[in-house]
Amino acid sequence: QGHNTVSGSVRQVLSGKLSLGEFDFVYAAGLFDYLTTSVAGDLLSRMLKMLRPGGKFIVANFTNTCAEAGYMEAFMDWWLIYRDELQMKALLEIAGGPLTSKVQVFTDPWKTIVYAVGERSQNGAHNRMSELALCEAEYVQSLWTSTLVA
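Keep in mind the model is a prediction, meaning the values are calculated, not measured. (Residues numbered from 1 in each chain as written. Predicted model: local features only at pLDDT ≥ 70, side-chain atom pairs only at ≥ 80, totals over all residues. Heavy atoms only, no water.)

## Points about helix H4 (residues 85–95)
Phase 1: Taken together, the buried positions of H4 are Met88, Leu91, Leu92 and Ala95. The buried residues of H4 occupy an angular sector of 100° when projected down its axis, which confines them to one face.
Phase 2: Considering only its buried residues, H4 is in contact with helix H2 (37–50), strand E2 (51–62), strand E3 (104–107) and strand E4 (113–119).
Phase 3: Near the N-terminus of H4, the side chain that reaches the backbone nitrogen of Leu86, with its oxygen 3.1 Å away, is that of Asp84.
Phase 4: Just downstream of H4, Gly96 is the residue with a positive phi angle, here 55°. (Buried < 20%, exposed > 50% of the residue type's maximum accessible area, 1.4 Å probe, protein only. Helix = DSSP H or I, 4+ residues; strand = E, 2+ residues; numbered from the N terminus. Arc of directions from axis to C-beta. Contact = heavy atoms within 4.5 Å. Polar contact = N/O pair within 3.5 Å; in protein donor to acceptor, adjacent residues only side chain to side chain.)

Structural data, given as structure tokens:
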């Protein structure tokens, strides 16, 4: 119980100079928006390889339908790489790895963020991305619903 903080860069992870170990859960939020498709796919591949069997992952990225994109770029000089559900699925295809059919790719109700959520298979077997389900995760949807009601 607890956590360790490790200082490093995406470059160090991708080059193999930084070994982080195995985890039950890995996530990236606010990172993939700055990475090219090839770098994002390679990083996602590394993340998936760090998962223990049954381990879960979440990756988030601003969508190309984000209503605030113009404001972010014009007034904040905040330039991102936007992705939609098909582009997020393409990242998963690049990453390959030990995915299960439990992978879900979906966009939040405000069409601002696209998510990829899934887990590593128990036996390490690889299932093709054609098995990806394009749907909303019920638990995330329930969080948004409770937020809207509150």
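## A look at the pattern of salt bridges
Phase 1: For the structure shown, the criterion picks out 3 salt bridges.
Phase 2: Between Arg52 and Asp24 there is a salt bridge, and its shortest N-O distance comes to 3.3 Å. Residue Arg52 is found in strand E2, and its partner Asp24 is found in strand E1 (residues 23–28); the two are separated by 28 residues along the sequence.
Phase 3: Accessibility expressed as a relative area gives 34% for Arg52, which makes it partly exposed.
Phase 4: Of the charged contacts, one joins Lys102 and Glu119 as a salt bridge, the two residues approaching to 3.6 Å between their closest N and O atoms. (Salt bridge = Lys/Arg side-chain N within 4 Å of Asp/Glu carboxyl O.)

## Thoughts on the side chain of Glu119
Phase 1: With respect to the helices, strands and loops of the structure, Glu119 is situated in strand E4.
Phase 2: At 2.9 Å, the side chain of Glu119 and the side chain of Lys56 are in polar contact.

## Some words on unusual backbone geometry
Phase 1: Positive phi is not limited to glycine here, since Asp77 has a value of about 55°.
Phase 2: Along the polypeptide, Asp77 turns up in the loop between helix H3 (69–76) and H4.
Phase 3: A residue is classified by how much of its surface remains accessible, and Asp77, at 59% relative accessible area, is exposed.
Phase 4: Phi is positive for Lys111, close to 55°, though the residue is something other than glycine.
Phase 5: Residue position: Lys111 is located in the loop between E3 and E4.

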